[in-house]
Every structure is written in C-alpha cells, then in structure tokens.
Amino acid sequence: MSETELIARARAGDADAFGELVELHQAAVYRAARAALQSADEAEDVAQEAFVAAFRKLGDFRGEASFKTWLLAITWNFARSRRRTTRQWLQRFTSTEEQRAPAPRAREPSHEDMLIEADLRQQGRRLVMGLPPKFRDVMLLAASGDHTLEEIGGILGIPTGTVKWRMSEGRRHLKARLVRLGIGHE
C-alpha cells in the first residue's frame, strides 16, 4: 500500500494504517529528535509525542510537503520546545557519559591524550551550542546525516537556499571562534 493510501486510511480513522506510517518513519523521527536533544531517552519521548500529535493533526496535513517532512517538522518543534524548557539539557549535552568512543588508534592513548580529546569535544559542543539558533539548528540537523538540505528546509520551514546559507555562515562562525581559541587558522 502506498504512503498516500495509508494517509487516507489513517485520516478515516484506521489506526493500523497510521501504525504503518509510524513504522515507515520512526527511525527518521527518532534521529531528528536525537540530533536536537543528544539524549536517547528524551529523543524517544519526543518521538512518541510527535507521533501522537501527528495522529491528532492528521486532518491538517495538506500535502504541500512530503508526509515525512511534515512529521519531522512536528518532531523538530517538540524537540526545540523540550530543549528550551529543560535546564539540565546543556549539562547532558556536555556530559562525558554519552560521548562517542574515540576512533581506534595504533597505540593505547595516554591519559593526557584522553583528557585533551575530551576537552576538545566539550569545547566543540559549547561552540556549536553557542551559535545563534538559526545556525545551530541547521548544523545539528545536517550533522545527523539523515536529512537532505530540502528536508532540513521543510523541517525548519525555510527555503533550501536559506539552509545552505545558514550552514555556510554557521561554519564561518565556528571557524572564527576556533581561531580565537588558537585552534586552527584563517
């Protein structure tokens, strides 16, 4: 059954059809929430909230964008709201508990190497989170690797050209901040 047929059946009250839509898009919805929140538990909560909201608002879906983009926009809005209202979010974002493991090295890293690497990751996170929201949100979505520029534009409600500009400006701001910190060069 096509996505269009599933949407029509779900609008008519077919919960199984909506369940199939959830299965089709649950990974993308979770990844978008995870990109915004950096917490697996909160991303799962936001994904669930987004699906509930999408089910309730299904009659509002006009098909101007793809269903996936519409759903991801709902998800991103919930995630942004959660991010704004959760005071502990920044602490979790910079927490070392959820940091990715470093790439394998030929030799065992020294304690000093591990401290330097952790400090650089933490500084990088602070720099990204210190960007103005219009740059930060585009960069977080792009960094997830799950969305095209067009999808990011749909999620944020901006044209694709604006997404490209914000990515470029965000990178420029990050580079300037890194240079001021003595990391990198102009």
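What you see is a predicted model, and the numbers here were worked out from it, not measured in a lab.

Participant: Can you break down the overall build of the protein chain residue by residue, with the values?
Facilitator: A count of helices and strands for the protein chain gives nine helices and zero strands. Shown N-terminal to C-terminal, the secondary structure of the protein chain runs as helices and strands in the order α-α-α-α-α-α-α-α-α. A fraction of 62% describes how many contacts in the protein chain between residues 6 or more apart in sequence connect residues 24 or more apart. Summing over all exposed atoms, the protein chain offers an accessible surface of approximately 11,200 Å²; the carbon and sulfur share of this is 51%.

Participant: Hey, could you go over the packing of aromatic side chains for me, with residue numbers and the actual values?
Facilitator: Summed over the entire model, instances satisfying the criterion amount to five aromatic pairs. Their ring planes at 85° and their centres at 5.5 Å tell us that Phe-61 and Phe-67 sit as a pair that is edge-to-face. An identical accessibility class is assigned to Phe-61 and Phe-67; each is buried. With 5.6 Å between their ring centres and 40° between their planes, Phe-67 and Trp-70 make a pair best called tilted.

Participant: Lay out the pattern of salt bridges in plain terms, naming residues and giving numbers.
Facilitator: Tallying each qualifying case throughout the model produces six salt bridges. The closest approach of N and O atoms between Arg-136 and Asp-137, which form a salt bridge, is 3.6 Å. Like Asp-137, Arg-136 is buried. Between Arg-172 and Glu-169 there is a salt bridge, with its nearest N and O atoms 2.7 Å apart. Here the residue Arg-172 and the residue Glu-169 both occupy positions in helix α9 (residues 160-180), the gap between them amounting to three residues, near one helical turn. Taking the relative accessible area as the measure of exposure, Arg-172 reaches 47% and is therefore partly exposed. Judged by its relative accessible area of 16%, Glu-169 falls in the buried class. Members of the salt-bridge network, linked through shared partners, are Arg-80, Arg-136 and Asp-137.

Participant: Now, about the packing of helix α2 (residues 15-37) against helix α3 (residues 40-56): what can you tell me, with residues and values included?
Facilitator: The interhelical angle for the contact between α2 and α3, taken along N-to-C directions, is 135°, at an axis separation of 8 Å. Taken together, the axis directions place α2 and α3 in an arrangement best described as oblique. Both α2 and α3 take part in a crossing whose hand is right-handed. In this structure, α2 uses Phe-18, Val-22, His-25, Gln-26, Val-29, Tyr-30, Ala-33, Arg-34 and Leu-37 to contact α3, whose residues at the interface are Ala-40, Glu-42, Ala-43, Glu-44, Val-46, Ala-47, Phe-51, Ala-54 and Phe-55. Looking at the contact of α2 with α3 residue by residue, the class counts come to 13 nonpolar, two polar and three charged.

Participant: How would you sum up the nonpolar core? Please name residues and give values.
Facilitator: In summary, soluble globular proteins display a tendency toward joint burial of nonpolar side chains. One finds Phe-18, Leu-21, Phe-67, Trp-70, Trp-76 and Leu-156 to be the most contacted residues of the largest nonpolar core, which totals 45 residues. Going through the elements one at a time, α1 (3-11), α2, α3, α4 (67-85), α6 (111-129), α7 (133-144), α8 (149-156) and α9 are the ones with two or more residues in this core. Sequence-distant contacts of Leu-156, that is, excluding residues within four places in its chain, are made with Trp-76, Asp-137, Val-138 and Leu-141.

Participant: Break down α1 for me, citing the residues and quoting the values.
Facilitator: If you check which residues of α1 are buried, you get Leu-6, Ile-7 and Ala-10. Taken end-on, α1 shows its buried residues confined to a sector of 100°, consistent with a single buried face. Among the residues trailing α1, Gly-13 stands out with phi positive, at a value near 100°.

Calculation rules
Residues numbered from 1 in each chain as written. Predicted model: local features only at pLDDT ≥ 70, side-chain atom pairs only at ≥ 80, totals over all residues. Heavy atoms only, no water. Helix = DSSP H or I, 4+ residues; strand = E, 2+ residues; numbered from the N terminus. Contact = heavy atoms within 4.5 Å. Areas by Shrake-Rupley, 256 points an atom, 1.4 Å probe, with all protein chains shown as cover. Phe/Tyr/Trp six-rings, centres within 6.5 Å; stacked < 30°, edge-to-face > 60°. Buried < 20%, exposed > 50% of the residue type's maximum accessible area, 1.4 Å probe, protein only. Salt bridge = Lys/Arg side-chain N within 4 Å of Asp/Glu carboxyl O. Axes fitted to C-alpha atoms, helices over the stretch in contact; angles between N-to-C directions. Parallel < 35°, antiparallel > 145°, perpendicular 65-115°, else oblique. Left-handed = near helix turned anticlockwise from the far one by under 90°. Nonpolar A, V, L, I, M, F, W, Y, C, P; charged D, E, K, R; others polar. Core = buried A, V, L, I, M, F, W, Y, C linked by side-chain atoms within 4.5 Å. Arc of directions from axis to C-beta.

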